[in-house]
Amino acid sequence: MIPSFEHLKLGNSGLITSALLAAPPLLYLFYKKFTSSSPSSTAASVNSSAATSEKPKSIMQPARTDLSPPKDDPITMAELKEFDGREGKPIYVAIKGTVFDVTHKSDVYGAGKSYNIFAGKDGSKGLGMSSLKPEHAIADYSDLDEKDMKTLNDWHTFFLKRYNVVGRVSDLPESVRDNEVSNMPPASL
């Protein structure tokens, strides 16, 4: 025997009334289902997730006002390689031939850190491409497109405002030698 629900037929007003009466408890159950953690357990879960998923260090920082006057000392690519922070040496990064001392940011440029790929070398191409691939961390940026050149120029300006200039790469690849840039920060600084 199939049960009959004929006796439960409601007119339009009865159906609307039933829906209105059923909605608040259903909404309450829905609310409780998705907000059921107590304030203390929410705080604990936030604290535990913050501890376990540490964000990578950012290199973004305000412009410095205590920079030394820029130097124009010649530094070869071979000499630059020595300045990767190992054995207590400073960390140098070159962009478009300008050599910057980034030692005070060893938390991002030091061994095993996110931007260590650029330590002790001119990685202009990689910076322009926003790439951390070792094959891109090279001085020859002659094949960058207009967008990547803008990015590279923005990085150069960013570094000029935040890191001491300690010299200039004297043996850049011939393809970029004519693209000389000033070691002097832009006048707007």
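Read on for a plain summary of the structure. (Residues numbered from 1 in each chain as written. Predicted model: local features only at pLDDT ≥ 70, side-chain atom pairs only at ≥ 80, totals over all residues. Heavy atoms only, no water.)

1. Things to note about the overall build of the protein
Heads up, the rule is: The numbering of helices and of strands both runs from the N terminus, where a helix is a DSSP run of H or I of at least 4 residues and a strand a run of E of at least 2. To sort residues, take the accessible area from a 1.4 Å probe on protein chains only and compare it with the maximum for the residue type: under 20% means buried, over 50% means exposed, and anything in between is partly exposed. What makes two residues a contact is simply this: any of their non-hydrogen atoms within 4.5 Å.
For the protein, the count of helices and strands is seven helices and five strands. Going residue by residue from the N terminus, the α and β elements of the protein occur as α-α-β-α-β-β-α-β-α-α-β-α. Here the protein holds 189 residues, and 30% of them are scored as buried. Nonlocal contacts in the protein, meaning residues at least 24 apart in sequence, comprise 66% of its contacts between residues at least 6 apart.

2. Thoughts on the side chain of Thr98
For clarity, the threshold we go by: Think of a polar contact as two N or O atoms within 3.5 Å of one another; within protein, one of them needs to be a possible hydrogen donor and the other a possible acceptor, and neighboring residues in sequence only count if both atoms come from side chains.
Tracing the sequence through the fold places Thr98 in strand β3 (residues 98-101). Residue Thr98 is classed as buried on the basis of its relative accessible area of 0%. Engagement of the side chain of Thr98 in a polar contact is seen with the side chain of His156, the distance being 3.0 Å.

3. Quick word on the pairing of strand β2 (residues 92-95)
Side chains on a regular strand alternate between the two faces of the sheet. Under the convention used in this document: One requirement defines pairing of two strands: DSSP has to find at least two bridges between them.
On β2, burial covers both faces: Tyr92 and Ala94 on one face and Val93 and Ile95 on the other are all buried. Where β2 meets β3, four bridges bridge the pair, whose relative direction is antiparallel. Bridging across to β3, Val93 finds its partner in Phe100. Adjacent in sequence and paired antiparallel, β2 and β3 are bridged by two residues, among which Lys96 carries a positive phi angle near 55°.

4. Brief notes about the nonpolar core
Our working definition: By nonpolar core is meant a set of buried Ala, Val, Leu, Ile, Met, Phe, Trp, Tyr and Cys residues that side-chain atoms within 4.5 Å join together.
Ile95, Val99, Phe100, Val102, Tyr109 and Phe159 are the most contacted members of the largest nonpolar core, which totals 31 residues. For this core, the secondary-structure elements that each account for two or more residues are β2, β3, α4 (106-109), α6 (146-162) and β5 (164-169). Take this core: its biggest share by element is five residues, from α6. Those residues in contact with Phe159, other than ones at most four positions away along the chain, are Val93, Ile95, Phe100, Val102 and Tyr109.

5. What to know about the sheet that holds β3
Strand order in the open sheet formed by five strands is β1-β5-β3-β2-β4, with mixed pairing between adjacent strands. Single-partner strands in this sheet number two, and they are β1 (74-75) and β4 (121-122).

6. A short note on α6
We apply this condition: Multiply 1.5 Å by the residue count of a helix minus one, and that product is the helix's expected span.
For α6, spanning 17 residues, the distance from its first C-alpha to its last is 25 Å, which sits close to the expected 24 Å at 1.5 Å a residue. Here α6 has its buried residues at Asp148, Leu152, Trp155, His156, Phe158, Phe159, Leu160 and Arg162. In the core, the buried residues of α6 are packed alongside β2, β3, α4, α5 (124-129) and β5. Two to three positions downstream of the cap, the backbone nitrogen of Lys147 sits 3.2 Å from a side-chain oxygen, assigning the N-cap of α6 to Asp145.

7. Remarks on the packing of aromatic side chains
Stated precisely, the cut-off is as follows: Ring pairs are drawn from Phe, Tyr and Trp, using the six-membered ring of Trp, whenever the two centres fall within 6.5 Å, and their geometry is named by plane angle: stacked under 30 degrees, edge-to-face over 60, tilted for the rest. A positively charged side chain is recorded as over a ring if its NZ (Lys) or CZ (Arg) lies within 6 Å of the ring centre. The angle to the ring normal must also be within 35 degrees.
In total, this model carries ten aromatic pairs according to the counting rule given. Consider the rings of Trp155 and Phe158, whose centres lie 5.6 Å apart with planes at 85°: the pair is edge-to-face. Placement of the pair is Trp155 and Phe158 together in helix α6, with a separation of three residues, close to one helical turn. Judged by its relative accessible area of 11%, Phe158 falls in the buried class. One aromatic cluster is present, built from ring pairs that chain together Phe100, Tyr109, Tyr115, Phe118, Trp155, Phe158, Phe159 and Tyr163. Over the ring of Phe83 we find Lys89; its NZ or CZ atom is 5.8 Å from the centre of that ring.

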